[in-house]
Amino acid sequence: MPAIIDLRSDTVTRPSEIMRAAMAAAEVGDDVYGEDPTVNLLEKRAAEMFGREAALFVPTGTMGNQIAIRLHTQPGQEVIAESRAHILDWEMATIAVFSGCLIRAIPTESGILTWKQIEPAIRPASGIHAATGLIEIENTHNLAGGRCTRLEVLEEIWENAKQRKLPLHCDGARIFNAAVALGVDVKTLTRGFDTVMFCLSKGLGAPVGSMLVGSAALMARARIYRKALGGGMRQAGVLAAAGLIALEQGPKRLQEDHANARLLAEALANIEGVSINLKSIETNIVIFRLTEAPLAAGLTAPELSARLKARGVLASAFSRDAIRLVTHLDVSRGNCINAAESLTEEIEADVAAK
């Protein structure tokens, strides 16, 4: 059987042999007591890389985001976020359950929030409506096709939020992809945020885990909330060992994923029946839509996804007409060429039949 080409997400990567060896040999202790030396080393290295005082190892990016929201808000407040933000669409309404907050969603065409869009949505403390407690920025933005918020846009947000005394959190699940695409190191790209969450288990290639970075005081409180959410992992050094390798080695090869995503996008742009904005392809995510011709012929995104699966290509359909492809270290350039050929054949066959 030919190998499966899995383009559903960059979370599907498998640990390398080097990671597996490091996991097997990891020195461990009880991390709930702060005694796991490998976890402590990972947290120290993450904090240094982001220019922060401290960091916290968490099982998932969702947990990292939700801890950060709890740190910065009070029950009954609002969190400003883009309308397709991960914390709104993919985190199981935990912001309401755990922090007692709602999201003030701001629709944008590109997925990139600017201060001009944020400012009108800010609400002061009042006896008649919920006050703004936090501004959240997702960088890169998943459902905007992996687009990056540029440093000059962030700097305006940081400056004005500081004047308003509003805290800022970055959902930086793929912040290293943004840093590579923009040519800016992660410390600089996130320096104005009070907290930053980033994933080790996406493009960086670790099997499990994310990091939350911030001040020592915030991370001390974050440990309490991590425990409250069931994230105290005891001898977690076996996971942190893989995370250390991902953190040090993963960013060096992300440009390959970006180039492969561009290859897929350019192939899709040449297919009749596909709508795609090539300008939006900045990192490792490709989102395209089927036009009326294939839809009229009965080819919806879920149907196309099923046909691709039968050919050994896995893709994510997230609406009737939209599909997301994500490149990562377990798909080669040759895999992407083969996937593009399968996409072309399946879509054009339906368009021609109509």
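A brief look at the structure comes next. (Residues numbered from 1 in each chain as written. Predicted model: local features only at pLDDT ≥ 70, side-chain atom pairs only at ≥ 80, totals over all residues. Heavy atoms only, no water.)

Once that is clear, we can look at the sheet that holds strand S12 (residues 316–317). Read across the open sheet, the four strands follow the order S9-S10-S13-S12; overall the sheet is antiparallel. One side of each edge strand has no neighbouring strand; the edge strands of this open sheet are strand S9 (274–275) and S12. Contacts from helix H12 (residues 254–269) reach S9, strand S10 (285–290) and strand S13 (322–326) within the one sheet, and its direction differs from that of S10 by about 15 degrees. Of the strands in this sheet, S10, S12 and S13 touch helix H14 (residues 301–310), which is tilted by about 40 degrees from S13. (Pairing = 2+ DSSP bridges. Helix = DSSP H or I, 4+ residues; strand = E, 2+ residues; numbered from the N terminus. Contact = heavy atoms within 4.5 Å. Axes fitted to C-alpha atoms, helices over the stretch in contact; angles between N-to-C directions.)

At a closest axis distance of 10 Å, the pairing of helix H8 (residues 175–182) and H12 adopts a crossing angle of 80 degrees. Regarding the angle of H8 to H12, the classification is roughly perpendicular. For the pair formed by H8 and H12, the contact residues are Phe176, Asn177, Val180 and Ala181 on the first element and Leu254, Gln255 and His258 on the second. Across the contact of H8 with H12, the residue classes tally to four nonpolar, three polar and no charged. (Parallel < 35°, antiparallel > 145°, perpendicular 65-115°, else oblique. Nonpolar A, V, L, I, M, F, W, Y, C, P; charged D, E, K, R; others polar.)

Ordered in space as S2-S8-S7-S6-S5-S3-S4, the seven strands form an open sheet in which the pairing is mixed. The open sheet is flanked by strand S2 (54–58) and strand S4 (102–106), the only strands paired with a single partner. Direction aside, the axes of adjacent strands within the sheet are offset by 20 degrees on average. Sheet analysis places strand S3 (residues 78–82) next to strand S5 (residues 132–138), joined by three bridges and oriented parallel. Among the inter-strand pairings, Val79 is bridged to a residue of S5, identified as Leu134. Running over the sheet, helix H2 (residues 37–49) touches S2, strand S7 (195–199) and strand S8 (210–214) and is turned about 125 degrees from S2. Along the sheet, helix H3 (residues 61–72) makes contact with S2, S3, S5, strand S6 (168–171), S7 and S8, crossing S7 at roughly 175 degrees.

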